[in-house]
Each structure stands twice: as C-alpha cells, then as structure tokens.
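# Per-entry structural report
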Amino acid sequence: MKFLIVFVALFAVALAAPADDVTVLRQISEVGPESFSNAYETSDGTSVQSEGQLKNIGAENEGIVSRGSYKFVADDGQTYTVNWVADENGFQPSGAHLPVAN
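All figures in this text were calculated on a predicted structure; none of them were measured in a lab.

## Some remarks on the overall build of the protein
A tally of helices and strands in the protein yields one helix and six strands. Counting from the amino terminus, the protein carries its helices and strands in the arrangement α-β-β-β-β-β-β. For the protein, the residues scored as buried account for 14% of the 102 residues in total. Long-range contacts, defined as pairs at least 24 residues apart, comprise 8% of the intrachain contacts of the protein with a sequence gap of at least 6. Here the protein has roughly 8200 Å² of accessible surface; of this, 56% comes from carbon and sulfur atoms.

Following this line, the structure appears as structure tokens:
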C-alpha cells in the first residue's frame, strides 16, 4: 500500500511539472576530413555556431583550430553572447559580461 501511495504521488508530481516547449528552428552541420562547421538556433533565443580547420597537416604540431560563438537568454532576461577560439593556446572565451585578466 505504501508503494502505491508513493508511486501515485511521484506520478502526480511528474504530470504537474512544466514542459519546456523549445524547438529547433535551424540546424546546419558539415563535416569534412580537414574541417567542420555547425550551427543551430532554438525558439528560446539560444544560438550556437562553430567552425574548425585542421592546421599544419602532416607536421608534428598538427592540430585543430576552432572558432565559434553562442548566445542565450538568461534568467535575468538579458541576452548574453560568448565568442571563443580554441587552438594551441587552449580555450579562449570573450564576452562583455566575462571578466578580463590583467
């Protein structure tokens, strides 16, 4: 009997939970042997885009250099944008809302 009460209570909570109806508005993806690019945008104001290329092909220091950005609407209602680069120097984000090292 206790199991049934707990099960019914959990079922009621699950039904009462709000559903986030976020849909994908646009999505693009291209992947090649030496490069990639992708982007998507959702109905909640989020968008992401990135691209990358293989550099120094065949060399000892061969690697991928990637660039991109993403934006989202935060709980405070503001839209935040982050631009980034990832290369031999690591991941380097920048944005008006992010602190800058001196």
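## Some thoughts on the pairing of strand β5 (residues 79-87)
Relative to β5, strand β4 (residues 63-73) is paired through eight bridges, and the arrangement is antiparallel. The partner of Ser-69 across the bridge, within β5, is Asn-83. Linking β4 to β5, which pair antiparallel, is a turn of five residues; within it Gly-77 sits at a positive phi near 85°. Summarising the sheet, β5 and strand β6 (residues 90-94) pair through five bridges and their orientation is antiparallel. Bridge pairing in β6 links Val-85 to Gln-92. The turn linking β5 back onto β6 is made up of two residues.

Parameters at a glance
- Residues numbered from 1 in each chain as written.
- Predicted model: local features only at pLDDT ≥ 70, side-chain atom pairs only at ≥ 80, totals over all residues.
- Heavy atoms only, no water.
- Helix = DSSP H or I, 4+ residues; strand = E, 2+ residues; numbered from the N terminus.
- Buried < 20%, exposed > 50% of the residue type's maximum accessible area, 1.4 Å probe, protein only.
- Contact = heavy atoms within 4.5 Å.
- Areas by Shrake-Rupley, 256 points an atom, 1.4 Å probe, with all protein chains shown as cover.
- Pairing = 2+ DSSP bridges.

Function cannot be read off these values alone, since they describe shape.
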